[in-house]
Amino acid sequence: MSKAAEIDIASVSKIYGKTIAVDAISLKIPAGSYCCLLGPSGCGKTSTLRMIAGHETVSIGDIVLGKEVVTDLPPAKRGTAMMFQSYALFPHLDLIDNVAFSLKMSGVDKDTRRARALNMLKLMQMEAYASRKPAQLSGGQQQRVALARALITDPEALLLDEPLSALDPFLKIRMRAELKKLQKQLGITFVHVTHSQEEAMALADIVVVMSDGRIEQAASPREVFERPATAFVARFMGDHNVIGGKVTGSSDGLVTFELVGGGTFSASGQIKAAGSDVDAAIRTDHVRIGESPVKGLGFTGIISNIEYRGATVKLTIEGAGIAEFTAIITDKAYYATPVAVGDAVPLHWDPEDAIILGTLNS
Amino acid sequence: MNNFLSRATPYIQATSLLLILGFFLAIPILLLLVVSFWDYDFVGMYPGFLTFNYAETLGSWVTWKTYGNTLKFAALVWAITAFIGFWVAYFLAFHVRSATTQMILFLVCTVPFLTSNIIRMISWIPVLGRNGLINSGLVGAGIVDQPVEWLLYSDFAVVLAMVHLYTLFMVTPIFNTMMRIDKSLVEAARDAGARDWQVIWNVILPLAKPGVAIGSIFVVTLVMADFSTVQVMSGGQSASVALMMRNQMSLLQYPAAAANAIVLLALVLFMVAGILRIVDIRKEL
């Protein structure tokens, strides 16, 4: 069953005229893994996917699928199948003919291809709709048909371009679970483009965070979440406060830095030269109210906003040279010592919750 | 009173269109129908109810031959304009990348239409004539000894001029439909391993059908009603139904021409109905 292919992207660039959409990225996606390309719009994630699929030419670099260099092969010769953003089902064909399309193109006779297409629709639990046209289906059903059409070619890798963006929030979560289940069941490599952190965290074995045509970080969801590599990743993933200042000293893997016109903080990370610029990330949900026992792991600020979120309460705090600092505390902790907008509160966190962030060029 | 006014409003709003359609479409056709049953001689028309005009029209082998000839023109012109129209539209819609170039090239297609039909038709004469451009070129190059006679004043010339006049009516609706085809469908087809001709045959052609149908309606109705092109380009050697009607009118045989017109109208409506039966154009409207 397992005919999954490793995808190796070797310093691939995509240049449109004078704009660089993808800037010399290198990435290895292990065989049979679920990889999410994550980033804001215009970050180059879709261009990257389309280059893997062969719908976009590679300007510089090579793409290797399994053991074969596929850089110059047409889409259908690569062993990949693509699922398009709006599914791109053929509106004039019924579901069977939609799913059987690639078989028809390769000259499989009518009875065989219709039988195989029906089997594929059965796998997606869509056989009851076989003679319908795509326009008569709901979004979730269309997605299943698009999956069936992509999988009938028996691909080594399935490439999904924002597959869930056309669905309503409830359906999104359901189809997400289906995608994950399908990937486990088939064991092939999935590459999934999305701009939703939540989607990437829920699905991926590897999250590849991209920005401005470059890879900011490629790691497991847990690592990307807990140890964001750059300030961009920390901000984009949310759940971290990013503060920047100048290094004043370092010792024992603890870097001390000072904010312009603000407090002094320390965070764990590699030793840096004094005077250099540095960014640090602090987990919003690990911040607690109370005086810090250690200097540099807390500050006192004024609450500028309080948002009730049910299980948690989100506090926005200003102070120590930080314009907006977010602390998410449990409802229990909040109601034990209630605070109000305008109050000055002391905050603190543990040493391992503050980490020094790297930059791309270093 | 107010209640009456609010109920009458939609009818009042519809009145203007009703009047226009009534005066310029329904009443003329009704008059045509009435006149087609009248009697006539070389001095005037006499109200009555005779089926003689129809009997004469449908009973004459000349009529049948003329209808046959007109249908032949319609079929040839339709086939050629559909072929050219499809490929021009396909090129514009799928091979021209930028929207600006697309619009410029499309406008270039319409440039000949800045002059009148007659001028465009007549300008073929110096090209195709006995001593025209093509013939003098061919004779001068020694390819033929005698000028080619069938270039002008022939069915060939009629079809050529009609194709020239009517191709744009085919290009425009097909281009319009093709522009609405989602480009990701073409990519999806390529992803499924379709070659260029398979993409055209399996995806673009079926989805462009409504455009082809609308273009076909334009071209067929225009060719079926054409008399000037046939007269000028055939040099009077070929006939069409509309030309036959014109001759009848110049002989003051209005009721006969009316009967002929009603028969032609019925035939064209029948053809349009046929096209609409094959292709569902509702999606386009």
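Residues numbered from 1 in each chain as written. Chains lettered and ligands numbered in written order. Predicted model: local features only at pLDDT ≥ 70, side-chain atom pairs only at ≥ 80, totals over all residues.

- The name an unreviewed UniProt entry assigns to chain B is ABC transporter permease, from the organism Devosia psychrophila.
- Taken from UniProt, the Sequence similarities (unreviewed entry) comment for chain B reads in full: "Belongs to the binding-protein-dependent transport system permease family. CysTW subfamily."
- Under Subcellular location (unreviewed entry), UniProt gives the following word-for-word description of chain B: "Cell membrane". (UniProt positions renumbered as here; feature names shortened; annotations may be inferred.)

- By the naming in an unreviewed UniProt entry, chain A is Putative spermidine/putrescine transport system ATP-binding protein, taken from Devosia psychrophila.
- As stated in UniProt under Subcellular location (unreviewed entry), the record for chain A gives "Cell inner membrane".
- Annotation of chain A in UniProt includes, under Sequence similarities (unreviewed entry), the sentence "Belongs to the ABC transporter superfamily."

**A look at the overall build of chain B**
So, step 1. Counting its secondary structure elements, chain B contains 13 helices and 2 strands.
So, step 2. A globule of 285 residues ought to have a C-alpha radius of gyration of about 19 Å, yet chain B, at 24 Å, is considerably larger.
So, step 3. Along the longest, intermediate and shortest principal axes, the C-alpha atoms of chain B span 80 × 70 × 30 Å.
So, step 4. Taking as baseline every contact in chain B between residues at least 6 positions apart, the subset at least 24 positions apart corresponds to 71%. (Helix = DSSP H or I, 4+ residues; strand = E, 2+ residues; numbered from the N terminus. Rg over C-alpha atoms; globule rule 2.2 N^0.38 Å. Contact = placed C-beta atoms within 7 Å.)

**Here we look at the interface of chain A and chain B**
So, step 1. Each partner contributes to the interface: chain A provides 16 residues, whereas chain B provides 14 residues.
So, step 2. Elements that contribute at least two residues to the side of chain A that touches chain B include exactly β6 (80-83) and α3 (101-105) of chain A.
So, step 3. With 3 residues, α3 of chain A is the largest single contributor of residues to the side of chain A that touches chain B.
So, step 4. Of the residues belonging to the side of chain A that touches chain B, the class tally is 10 nonpolar, 6 polar and no charged. (Nonpolar A, V, L, I, M, F, W, Y, C, P; charged D, E, K, R; others polar.)

**Some thoughts on the domain arrangement of chain A**
So, step 1. The assigned domain composition of chain A is domain 1 (7-226) and domain 2 (239-357).
So, step 2. Just the C-alpha atoms count here: the centres of domain 1 of chain A and domain 2 of chain A sit 40 Å apart. (Domains from an automatic or database assignment.)

**A short note on the environment of Leu171 of chain A**
All names here are of chain A.
So, step 1. Looking at the secondary structure, you find Leu171 in helix α6 (residues 169-186).
So, step 2. By C-beta crowding, Leu171 is classed as partly exposed, having 15 other C-beta atoms within 10 Å.
So, step 3. Along the sequence, Leu171 and Gly140 sit 31 residues apart, while their C-alpha atoms lie 6.9 Å from each other.
So, step 4. Those residues in contact with Leu171 that sit more than four places away from it in its chain are Gly139 and Gly140. (Buried ≥ 20, exposed ≤ 12 C-beta atoms within 10 Å, placed from the backbone.)

**Regarding the UniProt feature "domain: ABC transporter" (unreviewed entry) in chain A**
So, step 1. UniProt annotation of "domain: ABC transporter" (unreviewed entry) refers to residues 7-237 of chain A when read in the numbering used here.
So, step 2. Secondary structure content for residues 7-237 of chain A is 36% helix and 26% strand, and the end C-alpha separation is 25 Å.

**A look at the nonpolar core**
So, step 1. Counting 162 residues, the largest nonpolar core has Val99, Val191, Val208 and Ala280 of chain A as the members making the most contacts within it.
So, step 2. Looking at this core, the element that brings in the most residues is helix α8 (residues 155-179) of chain B, giving 13 residues.
So, step 3. Both domains that meet at this core, namely domain 1 (7-226) and domain 2 (239-357) of chain A, each give it at least three residues.
So, step 4. Not counting the four nearest positions on each side in its chain, Val99 of chain A is found in contact with Ala117, Met120, Leu121, Val145, Ala148, Arg149 and Ile152 of chain A. (Core = buried A, V, L, I, M, F, W, Y, C linked by C-beta atoms within 7 Å.)

**Focus on the pairing of strand β4 (residues 60-65) of chain A**
All names here are of chain A.
So, step 1. Here strand β1 (residues 7-16) pairs with β4 via 5 bridges, running antiparallel. Paired with Ile7 across the strands is Leu65, a residue of β4.
So, step 2. Sheet analysis places β4 next to strand β5 (residues 68-69), joined by 2 bridges and oriented antiparallel. Within β5, the residue paired with Val64 across the bridge is Val69.
So, step 3. Hairpin connection from β4 to β5: 2 residues lie between these consecutive antiparallel strands, with Gly66 at a positive phi of about 65°. (Pairing = 2+ DSSP bridges.)

**Looking at the packing of helix α3 (residues 61-95) of chain B against α8 of chain B**
All names here are of chain B.
So, step 1. Relative orientation of the contacting elements α3 and α8 amounts to 40°, with a least axis distance of 7 Å. Taken together, the axis directions place α3 and α8 in an arrangement best described as oblique. Crossing of α3 over α8 shows right-handed handedness.
So, step 2. Across the contact of α3 with α8, the residue classes tally to 24 nonpolar, 3 polar and no charged. (Axes fitted to C-alpha atoms, helices over the stretch in contact; angles between N-to-C directions. Parallel < 35°, antiparallel > 145°, perpendicular 65-115°, else oblique. Left-handed = near helix turned anticlockwise from the far one by under 90°.)

**With respect to the environment of Gly79 of chain A**
Residues and elements named next belong to chain A.
So, step 1. With respect to the helices, strands and loops of the structure, Gly79 is situated in the loop between β5 and β6.
So, step 2. Residue classification places Gly79 among the partly exposed residues on the basis of 18 C-beta atoms within 10 Å.
So, step 3. Among residues more than four places away in sequence, those in contact with Gly79 are Ala5, Leu65, Pro155, Glu156 and Ala157.

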